[in-house]
Amino acid sequence: AQKVTQAQTEISVVEKEDVTLDCVYETRDTTYYLFWYKQPPSGELVFLIRRNSFDEQNEISGRYSWNFQKSTSSFNFTITASQVVDSAVYFCALSGQGAQKLVFGQGTRLTINP
Amino acid sequence: GAVVSQHPSWVICKSGTSVKIECRSLDFQATTMFWYRQFPKQSLMLMATSNEGSKATYEQGVEKDKFLINHASLTLSTLTVTSAHPEDSSFYICSARDSEGHQETQYFGPGTRLLVL
């Protein structure tokens, strides 16, 4: 069975601080895909990144960076110099090879205080 | 690119009525769409997988006669909540997979908030 665990239910930091959101996954598939989505208060899920299991290269996109480590089954997300607009619920998700379903973590509610 | 729309964004209805929610992929074709339900402060719960031209596949515990899904074209899937009751009040979100692009990625609509009185 596939499972995604986001142990941090809520995180609150002051603006400009760096913050890391943890994601640990479980799967028996050799090929799989990992995702991060952002859900602002409006409710829409915004796609942030997709990473396949054969690509462990870390990625940086502006203030966002992702650290994928197969050895620890983790796919952590770091926001550098956080801003109030980063406040949202962030979901980590997993999809297996050929499987259409996304397995979501419970989400981490991130609050950036001015 | 990869824009998914939902209509309506808000709906309030009386108990016993039926409500139809539309999900459209605006700039790509989606042979597969998904319907989720989300309760406050909880994660997304997959209700069903909608396949163009065929019957939807429902998750365990989801009543298919209660939540009717139709995927008549490559850009449109509809979810009809039949004989809605207050316990059906929730946030419903659809997603779509790009048939020709990165098929592993689901793009989500803005969601529909349903309140049944």
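Keep in mind it's a predicted model, so treat the numbers as computed, not measured.

Draft legend 1. Quick peek at the state of the cysteines. Applying the stated criterion across every chain yields a total of two disulfides over all chains. Here Cys-23 of chain A engages in a disulfide with Cys-92 of chain A; their sulfurs sit 2.0 Å apart. Taking the torsion about the sulfur-sulfur bond, which here is approximately -65°, the covalent link between Cys-23 of chain A and Cys-92 of chain A counts as left-handed. Of this pair, Cys-23 of chain A sits in the loop between β3 (19–21) and β4 (24–26) while Cys-92 of chain A sits in strand β10 (residues 88–96), and the two are 69 residues apart along the sequence. The two residues Cys-23 of chain A and Cys-92 of chain A agree in class, both being buried. Note that Cys-23 of chain B is cross-linked by a disulfide to Cys-94 of chain B, the S-S spacing being 2.0 Å.

Draft legend 2. Examining the packing of aromatic side chains more closely. Under the definition given, this model contains 19 aromatic pairs over all chains. Ring centres of Tyr-64 of chain A and Trp-66 of chain A lie 6.0 Å apart, and the angle between their planes is 85°; on these two criteria the pair is classed as edge-to-face. Judged by relative accessible area, which is 15%, Tyr-64 of chain A ranks as buried. With a centroid separation of 6.3 Å and 45° between ring planes, the pair formed by Phe-67 of chain B and Tyr-92 of chain B is classed as tilted. Remark: Tyr-92 of chain B occurs in strand β9 (residues 90–97) and Phe-67 of chain B occurs in strand β7 (residues 67–73); sequence separation between them is 25 residues. Note on Phe-67 of chain B: relative accessible area 6%, which makes it buried. The exposure class assigned to Tyr-92 of chain B is buried, which follows from its relative accessible area of 0%. By way of ring pairs, the aromatic residues Phe-35, Tyr-37, Phe-47, Phe-91 and Phe-104 of chain A together with Phe-28, Tyr-36, Tyr-107 and Phe-108 of chain B are connected into one cluster.

Draft legend 3. Highlighting the confidence of the model for chain A. For chain A, per-residue confidence averages 94 on the pLDDT scale, and residues scoring 70 or more make up 98% of the total. At the low end of the mean pLDDT range in chain A sits strand β7 (residues 59–61) of chain A, at 90; at the high end sits β3 of chain A, at 98.

Draft legend 4. Expanded view of the interface of chain B and chain A. Counting from both sides, the interface comprises 24 residues of chain B and, opposite them, 19 residues of chain A. Summing the contributions of chain B and of chain A, the shared interface buries around 1700 Å²; its carbon and sulfur component is 51%. Summed over the three residues of chain B that lose the most area to chain A, namely Ser-43, Glu-104 and Phe-108 of chain B, the buried surface amounts to 30% of that side. The tally of links between chain B and chain A comes to one salt bridge. Here Lys-101 of chain A makes a salt bridge to Glu-59 of chain B, at a shortest N to O gap of 3.1 Å. Between chain B and chain A we count five residue pairs in polar contact (both at pLDDT 80 or more) in total. Of the residues contributing to the side of chain B that touches chain A, the split by class is nine nonpolar, ten polar and five charged.

Criteria and thresholds
Residues numbered from 1 in each chain as written. Chains lettered and ligands numbered in written order. Predicted model: local features only at pLDDT ≥ 70, side-chain atom pairs only at ≥ 80, totals over all residues. Heavy atoms only, no water. Disulfide = S-S within 2.5 Å. Helix = DSSP H or I, 4+ residues; strand = E, 2+ residues; numbered from the N terminus. Buried < 20%, exposed > 50% of the residue type's maximum accessible area, 1.4 Å probe, protein only. Phe/Tyr/Trp six-rings, centres within 6.5 Å; stacked < 30°, edge-to-face > 60°. pLDDT = per-residue confidence, 0-100. Contact = heavy atoms within 4.5 Å. Buried area = accessible area lost by both parts, 1.4 Å probe. Salt bridge = Lys/Arg side-chain N within 4 Å of Asp/Glu carboxyl O. Polar contact = N/O pair within 3.5 Å; in protein donor to acceptor, adjacent residues only side chain to side chain. Nonpolar A, V, L, I, M, F, W, Y, C, P; charged D, E, K, R; others polar.

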